[in-house]
Amino acid sequence: MTGADAGRNAAEKGTAGSRPGSTTGSTTGGPTGTPAARTTGGPTGTTAGATSDTTSGPRTPGGAAAAPAAPPRGISHRGISRRGLFGLAGAGVAGVGLGIAGDRGVQALLAAGTAGTPGIAYPFYQEHQAGIVTPAQDRLHFAAFDMSPGATRADLVSLLQDWTAAAAALTAGKDIGQRGAVDGPYDSPPEDTGEAFGLPPAGLTITVGFGSTLFETSAGLDRFGLASARPDALVDLPHFPGDQLDTARSGGDLCVQACADDPQVAVHAIRNLSRIAFGRAAIRWSQLGFGRTSSTSTSQATPRNLFGFKDGTANIKAEQPAVVNEQVWVGAGDGPAWLTGGSYLVARRIRMTIETWDRTALREQETVFGRTKGQGAPLSGGTEFTEPDFTSTGKDGTPLIAAASHVRLAHPSQNKGVQMLRRGYNFVDGNDDLGRLEAGLFFISYQRRPSQFTAVQLALARHDAMNEYVRHVGSALFAVPPGAARGSYLGAPLFA
Ligand code: HEM
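Because the structure is predicted, anything quoted here is derived from the model rather than measured. (Residues numbered from 1 in each chain as written. Predicted model: local features only at pLDDT ≥ 70, side-chain atom pairs only at ≥ 80, totals over all residues.)

Draft legend 1. Spotlight on the overall build of the protein. Looking only at helices and strands, one finds 10 helices and 11 strands in the protein. In the protein, buried positions account for 50% of the 496 residues. In the protein, 78% of the contacts between residues at least 6 apart in sequence involve partners at least 24 apart. (Helix = DSSP H or I, 4+ residues; strand = E, 2+ residues; numbered from the N terminus. Buried ≥ 20, exposed ≤ 12 C-beta atoms within 10 Å, placed from the backbone. Contact = placed C-beta atoms within 7 Å.)

Draft legend 2. Structural detail: the nonpolar core. In this structure, Leu204, Cys255, Ala258, Ala266, Ala269, Leu345 and Phe442 are the most contacted members of the largest nonpolar core, which totals 104 residues. Per element, the largest residue contribution to this core is 9 residues, and it comes from helix α4 (residues 153-171). (Core = buried A, V, L, I, M, F, W, Y, C linked by C-beta atoms within 7 Å.)

Draft legend 3. Just the site of the ligand, in detail. Close contacts around the ligand come from 27 residues, with Thr313, Ala314, Ala410, Leu441 and Gln457 the closest. Every element with two or more residues in the shell around the ligand is listed here: β7 (343-352), α9 (406-410), β10 (437-447) and α10 (450-463). Of all the elements, α10 adds the most residues to the shell around the ligand, at 4 residues. (Near = placed C-beta within 6 Å.)

Draft legend 4. Focus on unusual backbone geometry. Unusually for a residue other than glycine, Ala202 sits at a positive phi of about 55°. For Ala202, the location among the structural elements is in the loop between α4 and β2 (205-211). Its identity is not glycine, yet Lys416 carries a phi of approximately 55°, on the positive side. Classification of Lys416 as exposed rests on a count of 8 C-beta atoms within 10 Å.

Draft legend 5. Spotlight on the pairing of strand β5 (residues 254-260). The element β5 is extensively covered by neighbouring structure, given that 7 of its 7 residues are classed as buried. By the alternation rule, side chains of β5 split into Leu254, Val256, Ala258 and Ala260 and Cys255, Gln257 and Cys259, which are all buried. Where strand β1 (residues 139-147) and β5 come together, 7 bridges link them in antiparallel fashion. Across the sheet, the residue bridging to Ala144 is Cys255, located in β5. Here β2 runs beside β5; their pairing, made up of 6 bridges, is antiparallel. Bridged to Gly209 within β5 is Cys255. (Pairing = 2+ DSSP bridges.)

Right, dumping it as structure tokens:
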């Protein structure tokens, strides 16, 4: 019997204990909303009292939201959301499907978030920005922006103010501006582009970050008067062995991460924020993602990445506030005060050579990760949430979890206790010239210090057996300021 065989047997027995915090059963992220149609205008920011997305659950439009004085414009024009009806019909179809697909179908639906509730709206004005420990939604539209040549500090401030107001409206399920998509003057372009008109909030979160170039001095000029405010840690990530980075898919002055359970809602957010930025900033690169590759709450089932493995099992979860504080939020004294309560976002576009992987034996696939493909259990035994035992060996003395396995190399025990909150997405951007899927994992992680990512990625880049099947082609690091206070805007303390 090989080490891998022994591992599979051990894993199937399901013996050892669980990772602390992983089975607490807390349900702070549990969906409670009912589908609600998108509206225009009306009061924004109806979520008073929420101070932290670590502790506050999702807001439902029918719950904490203040009732608008007049019928919401979206409703008066169209009645119930067309898409909402499709969603309900879809849920019915899915329900029928459950009986046919059996347990595997149920798991897939839960993992994919298909059974999610489109009416969920997360509070925007919080201590920390939403979209970090918020239960990972199913869809992503991520965009990096560069400020326009000649843009001034005043342009940057006004852009952040405009984005803040727009993000607060969008995440509450409202259109942009006072008149939205259909109620403006007939001879002017509408304030909102309209493709999300009538759609529910779909759990949209908008998270904004600042790249190191925003703080740069260019040709002797301090671009936005921010050079002295740059955190020491906000510098380009080092070049890692094997990196094949495309500069056109890397870096950026600003970033916006829009996550939602409806792709149209996420795309609508980036499209409108980009439209608002016109003349001040433009998109440098962007990435669409589907099928979250992590769980950030114990209320979520673990999804699968495009290699077919459960991804997010050992992730930091919202229900571990002490770990989140220690590993994710920038603490007072870590750097400049404006970033306290924020985080650092690493984005890596990781291309997967799917075709090679698909010709690889299951034994090799499981050895690469050190976990079983079915249940996601460590090859040292147990079930999905059992801690891996890196000391256990097979009869021939070889470790059950290989030295070059991804899970061993990325585990905190091999990295001086370092952890990170992973929040990545699958992507398939068509195909390349050879007819191979242009597919991979858009890796996103949040950490208190960029060095947490660097330490783990260095170990992976040097030794990970998975390297044969992946290639890092894009990279960026952003400092994510804390949440905006009501009446203020994202990043305001940076300009104080
Ligand atoms: C295509 C790229 C990648 C794939 C397919 C992948 C896949 C996986 C899988 C299947 C697991 C085991 C399940 C889990 O605990 O989530 C895992 C764990 C993990 N991965 Fe990755 N990963 C990728 C890239 C990365 C990168 C770039 C990093 C960071 C530099 C990273 C850090 C981690 C960490 C910290 C764990 C948890 C280890 C533990 O505590 O047990 N991964 N990954």
